[in-house]
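Observations on chain architecture
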Amino acid sequence: MQQSNGLQSRPHAGSLPPHVPRHLRTAAAVAAALQGLIDASPPRRESQTLHAQLLTSGLGGAADLSVNVKLLVLHLRCGSLHNARAVFDGMPKPTHAAHNYLAAGYFRRGHLREAFGVVRRLAASTGRLDVFTLSMALKLSAALALPGAVVAREVHARVVRTVAEPDEILSAALVDAYVKSGSLGYAQRAHAMMPVRSVVCSTALLVGCMNEGMFRDAEAIFESMEEKDVVAYNAMVEGYSQTEETAEGSLEVYKAMQRAGFRPTLSTFVSVLGACSLLSSPELSEQVHCQAIKSSLFGDIKTGSALVDMYAKCGQVEDSRRVFDHMPERNVVTWTSMIDGYGKNGLSDEALQVFGEMRRRPDVRPNHATFLSVLSACAHAGLLSLGQEAFQSMEGEYSLRPRMEHYACMVDLLGRFGSVRQAYDFVRGIPTRPNSDVWAALLGAATLHGDVEVADVAAREVFELSQAGRPGAYMAFSNTLAAAGKWDGVHDVREMMKRRGVLKDAACSWIGTDNPPLVD
């Protein structure tokens, strides 16, 4: 058996070398010594030394399955995946337990494809998978986001054929795998067929329904749960907090969980603060802020970042900055939220000042979201040269390849404050095909400046990429043609809108309303 560090296995002990400890001269003694090291907390990092002694003694050979399994486990406990794999590969016929230990070790270290390969190997070699292996296969399927729910359906079939007693962990993993592979219908059927539906299993389906905007289904699952835990409540709070239309539901569940005796967690506060941001309600924001202060979670970086974002979106940028300045620790999300808050509130100079301070710090680096906020701030204030410098620094200084949203922001900036032709040349220089956002930005600039030729090019691209999804683009092009007196073109655009079922955007207004307290 080949081993790492140049160690070679020996086929038989023969007469044991004198340097081999006496307590390692029988297989039972070796197994006991290995178990002692495995059970130590933290594990004693003597696996490589002991492995070398076993190879010298001949007791660590391929035939000693029990010894090798324990040695594999010890290597995993000590964090040596390479040595654990070497032991596994040296076993002529690895046991079921050896497969499970190695797969779990890979999974815990984030080596998902390697873990999946071990599970596949076990299925191919024995055809038999226990509950642990089936659960592992489902977790890997969900984590790898494997398309088509192929693995989940295969495991489901094995469960029906071979698993006699329902298992809570396996059931929850099955529903979760279906949900994360985008097969919500399969998840619902699997959930409905379970004789006993655990909180974990029902919560997994609830999250899937929320992610798909199926709020009534999620509500029905939540109401049907005989027992609810804080995770189930948090799933509802987070699900409702994703849209302005459902944000008030997030606050209602937040109040309900407290009435039920559950204390808000970090996840709860972050979701509720997000809901307050969507509702643009300073009163509710201050109530949640006070509750966060009373909890032990106020100093957490996630809570602080959510408060910075919330106050900025409610128009209270001074309160946002006050929270920002008093945070003991800040990450890229915190800095980006502050930059974005200033930019969205028309304070572009302050946004760029914070960005400059961020760039000078060694403990944080801007990401794609940061640069989008910076470019947006530049576009709002017409800071063309600063926007160009920031855009160029993405790849030049931070090795961040611009995404389509960055290109669209630059097109808007160039088109409105540079020239339409400059913006058009910029679009033509994008290394991949621009999406409808980029062309819509160019169309907006061409409409602003009355450039019918560029508007025609941009509109055709938008119409091809998003036939019915951008009614504003149709109206912008129609208005550009009308301003130029090209009434035949206007008629053609209106007819195209009718054929494609494109409706003009309806205007709307939103104002704040009186809000009830968050604690009854």
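In the annotation of an unreviewed UniProt entry, the entry for the protein reads Pentatricopeptide repeat-containing protein, and the organism field reads Urochloa decumbens.

With that settled, consider the UniProt feature "repeat: PPR" (unreviewed entry) in the protein. UniProt's entry tags residues 229–264, 300–330 and 331–361 with the feature "repeat: PPR" (unreviewed entry), counted in the numbering of this structure. Along residues 300–330 the backbone is 74% helical and 0% strand, and the end-to-end C-alpha distance reaches 10 Å. Here residues 331–361 is 84% helix and 0% strand, with 11 Å between the C-alpha atoms at its ends.

Time to look at the nonpolar core. Judged by nonpolar contacts, the single largest core of 143 residues is most densely connected at Leu138, Val175, Leu206, Met236, Val411, Val438 and Leu442. For Val175, the residues in contact, after removing those within four places along its chain, are Ala187, His191, Met194, Cys201, Ala204 and Leu205.

What follows is about helix α10 (residues 184–193). When α10 is considered as a whole, its buried residues turn out to be Leu184, Ala187, Ala190 and His191. Looking straight down α10, one finds that the buried residues subtend no more than 120° of arc, so they occupy a single side.

Let's shift gears to the pattern of salt bridges. With the rule as written, the count across this model stands at 17 salt bridges. Here Asp89 ties to Arg121 by a salt bridge, and the two come within 4.0 Å at their closest N and O atoms. In this pair, Asp89 sits in helix α4 (residues 81–90) while Arg121 sits in helix α6 (residues 112–126), placing the two residues 32 residues apart along the sequence. In this structure, the salt-bridge partner of Arg359 is Glu397, at a minimum N-O distance of 2.6 Å. Remark: Glu397 occurs in helix α22 (residues 384–398) and Arg359 occurs in helix α20 (residues 348–360); sequence separation between them is 38 residues. Look at Glu397 and you get partly exposed, because its relative accessible area is 42%.

We now examine the side chain of Ser241. Secondary-structure assignment places Ser241 in the loop between α13 (230–240) and α14 (247–259). With relative accessibility at 8%, the residue Ser241 sits in the buried group. At 3.4 Å, the side chain of Ser241 forms a polar contact with the side chain of Gln242. Sequence-distant contacts of Ser241, defined by excluding residues within four places in its chain, comprise Ser250, Ser271, Ala275 and Leu278.

A separate point is the packing of helix α11 (residues 199–211) against helix α12 (residues 215–224). Here α11 crosses α12 at 165°, and the two axes come no closer than 8 Å. Classified by the angle their axes make, α11 and α12 are roughly antiparallel. Here α11 runs over α12; the crossing is left-handed. Two secondary-structure elements touch here, α11 through Ser202, Leu205, Leu206, Cys209 and Met210 and α12 through Phe215, Asp217, Ala218, Ile221 and Phe222. Here the residues of the contact of α11 with α12 sort into 8 nonpolar, 1 polar and 1 charged.

The rules behind these values
- Residues numbered from 1 in each chain as written.
- Predicted model: local features only at pLDDT ≥ 70, side-chain atom pairs only at ≥ 80, totals over all residues.
- Heavy atoms only, no water.
- UniProt positions renumbered as here; feature names shortened; annotations may be inferred.
- Helix = DSSP H or I, 4+ residues; strand = E, 2+ residues; numbered from the N terminus.
- Core = buried A, V, L, I, M, F, W, Y, C linked by side-chain atoms within 4.5 Å.
- Buried < 20%, exposed > 50% of the residue type's maximum accessible area, 1.4 Å probe, protein only.
- Contact = heavy atoms within 4.5 Å.
- Arc of directions from axis to C-beta.
- Salt bridge = Lys/Arg side-chain N within 4 Å of Asp/Glu carboxyl O.
- Polar contact = N/O pair within 3.5 Å; in protein donor to acceptor, adjacent residues only side chain to side chain.
- Axes fitted to C-alpha atoms, helices over the stretch in contact; angles between N-to-C directions.
- Parallel < 35°, antiparallel > 145°, perpendicular 65-115°, else oblique.
- Left-handed = near helix turned anticlockwise from the far one by under 90°.
- Nonpolar A, V, L, I, M, F, W, Y, C, P; charged D, E, K, R; others polar.

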